[in-house]
Amino acid sequence: MTRLELTADQAGERADQFLARSLPQLTRSGVQRLLEDKRVTCSGEPVKKNRKTAPGEVYVVNPPAPEPIQAAAQDIPLDVVYEDQDVIVVNKPVGMVVHPAAGHPDGTLVNALLYHCGNSLSGINGLLRPGIVHRIDRDTSGLIIAAKNDTSHLSLAAQLEDHSLYREYHAVAVGGFRENSGTVDAPIARHPVDRKRMAVDRANGKRAVTHWEVLERYSGYTYLKCRLETGRTHQIRVHLASLNHPLLGDTIYGSKKPVPGLVGQCLHAKKLSFLHPGTGERVTVECPLPCWFQTVLDKLKR
């Protein structure tokens, strides 16, 4: 149970917006479910999402007990880069899906973490599962962090919200860039026609910011370092494609023709830095480029 007392500067805000901002561990849909299930009250009465807040009001949030995840623990090898009692950082290989979903009921990172972490699970958003705070596409490799308890999950989710969780990717993009660095600040939403894709949508999208820097230039291609300020689905892929520089091997946002010897897009989550939920100290982890990525670079250098 959580009690939220409104201050004067929070008055006049819609209840669902206030709750979403005050409870960063919950997704927007998670807040909506709490309101629909009448699990948020004020003066003993259920709160409606369009209710206007007033100073001095106290909102009581009573989330449901976490439900067991419908996934089995599987003994799948993990490349663990960092681990302690609060968090675990894994170097995910290309081809591994993060969450079980239609078409991918098992063999996912969640299945592997359920086995590896045992009873160390977070129950954020009413679902008992390893505390996956952010995701990486199936065909993107690299670092992903998970929380082993609710306190850690809340801390990491808040760091995602205030951008203190640093995420750095390396990528190979098609074409040459005029500048040596830049920023793409363009909102992203679900594609209006193809629901499996995302797109820049300045009218309906959520704010998305990607900072990029040229590491090396090749004939027809550019090796980049990208830093995520926000974390929208397919963000780097969509942003670079919007610049007419799609990722090498990205058949969704770039050329439909696969690159021989390359599975998926040339994108690797190389560096991760966060404030440790337990100690408050900054932890920075990094992993080398995978062999397939280095092979691409070696070919481009010739």
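Look above for the structure.
Only a predicted model underlies this, so the values are computations on that prediction, with no experimental measurement involved.

Some words on the nonpolar core
Consideration 1: Formed by 30 residues in total, the largest nonpolar core has its most connected members in L109, L113, I132, Y169, L224 and L240.
Consideration 2: The biggest single contributor to this core is helix α3 (residues 109-117), with five residues.
Consideration 3: Once residues lying within four places of it in the same chain are set aside, the contact partners of L240 are A173, F177, L224, C226, H245, P246 and L247.
Consideration 4: Within the second largest apolar cluster, 14 residues are counted, among which are L6, L19, V31 and V40.

Considerations on the pairing of strand β4 (residues 58-61)
Consideration 1: For strand β1 (residues 2-5) and β4, the ladder comprises four bridges, and the chain directions are antiparallel. Each residue of the ladder has a partner; that of E5, found in β4, is V58.

Description of helix α5 (residues 235-242)
Consideration 1: In terms of burial, α5 is a largely internal element, seven of the eight residues being buried.
Consideration 2: Restricting attention to buried positions, one finds in α5 the residues Q235, I236, R237, V238, H239, L240 and A241.
Consideration 3: Where α5 ends, the next residue or the one after it, N244, has phi of about 65°, a positive value.

So, the packing of aromatic side chains
Consideration 1: If you walk through the whole model with that rule in mind, you get five aromatic pairs.
Consideration 2: Relative to F274, the ring of Y82 lies with its centre 6.3 Å away and its plane at 75°, an arrangement referred to as edge-to-face. On the criterion of sequence distance, the pair formed by Y82 in strand β6 (residues 80-83) and F274 in strand β17 (residues 267-275) is long-range, its members being 192 residues apart.
Consideration 3: Relative accessible area serves as the criterion here: at 23%, Y82 is assigned to the partly exposed category.
Consideration 4: Three or more aromatic residues link up through ring pairs in this structure, and these residues are Y223, W292 and F293.

Looking at the pattern of salt bridges
Pairs can form between side chains of opposite charge whenever their charged atoms are close.
Consideration 1: Taken as a whole and assessed by the stated rule, the structure comprises 10 salt bridges.
Consideration 2: Among the salt bridges present, the one from E57 reaches R51, with a minimum N-O distance of 2.5 Å.
Consideration 3: Assessed through its relative accessible area of 15%, E57 is described here as buried.
Consideration 4: One continuous salt-bridge network, built from bridges that share partners, spans D137, R237 and D250.

So, unusual backbone geometry
Consideration 1: Non-glycine residue K38 carries a positive phi angle of around 60°.
Consideration 2: In this structure, K38 sits in the loop between α2 (28-36) and β2 (40-42).
Consideration 3: By relative accessible area, K38 is classed as exposed at 59%.
Consideration 4: Positive phi values are uncommon outside glycine, yet N244 reaches one of about 65°.
Consideration 5: Tracing the backbone shows N244 in the loop between α5 and β17.

A look at the pairing of β17
Consideration 1: Extensive coverage of β17 is indicated by the burial of seven of its nine residues.
Consideration 2: Sheet topology places strand β10 (residues 141-147) next to β17; two bridges connect them, and they run parallel. Along β17, the bridge assignment pairs G142 with A269.
Consideration 3: The sheet contact formed by strand β11 (residues 166-174) and β17 spans six bridges and is antiparallel. Of the residues in β17, the one forming a bridge with R167 is L272.
Consideration 4: Relative to strand β18 (residues 282-286), β17 runs antiparallel, the two sharing five bridges. For K271, the partnering residue across the bridge sits in β18 and is E286.
Consideration 5: The turn joining β17 and β18, which pair antiparallel and follow one another in sequence, is formed by six residues; a positive phi near 80° is taken by G280.

Some remarks on the environment of Q235
Consideration 1: Here Q235 shows up in helix α5.
Consideration 2: The exposure class of Q235 is buried, given its relative accessible area of 2%.
Consideration 3: Separated by 128 residues in the primary sequence, Q235 and G107 place their C-alpha atoms 25 Å from one another.
Consideration 4: When near neighbours in sequence (up to four residues on either side) are disregarded, Q235 contacts I188, A208, V209, T210, L228 and T230.

Reading the values: the criteria
Residues numbered from 1 in each chain as written. Predicted model: local features only at pLDDT ≥ 70, side-chain atom pairs only at ≥ 80, totals over all residues. Heavy atoms only, no water. Core = buried A, V, L, I, M, F, W, Y, C linked by side-chain atoms within 4.5 Å. Buried < 20%, exposed > 50% of the residue type's maximum accessible area, 1.4 Å probe, protein only. Helix = DSSP H or I, 4+ residues; strand = E, 2+ residues; numbered from the N terminus. Contact = heavy atoms within 4.5 Å. Pairing = 2+ DSSP bridges. Phe/Tyr/Trp six-rings, centres within 6.5 Å; stacked < 30°, edge-to-face > 60°. Salt bridge = Lys/Arg side-chain N within 4 Å of Asp/Glu carboxyl O.

In short, shape yes, function no, at least from these values alone.
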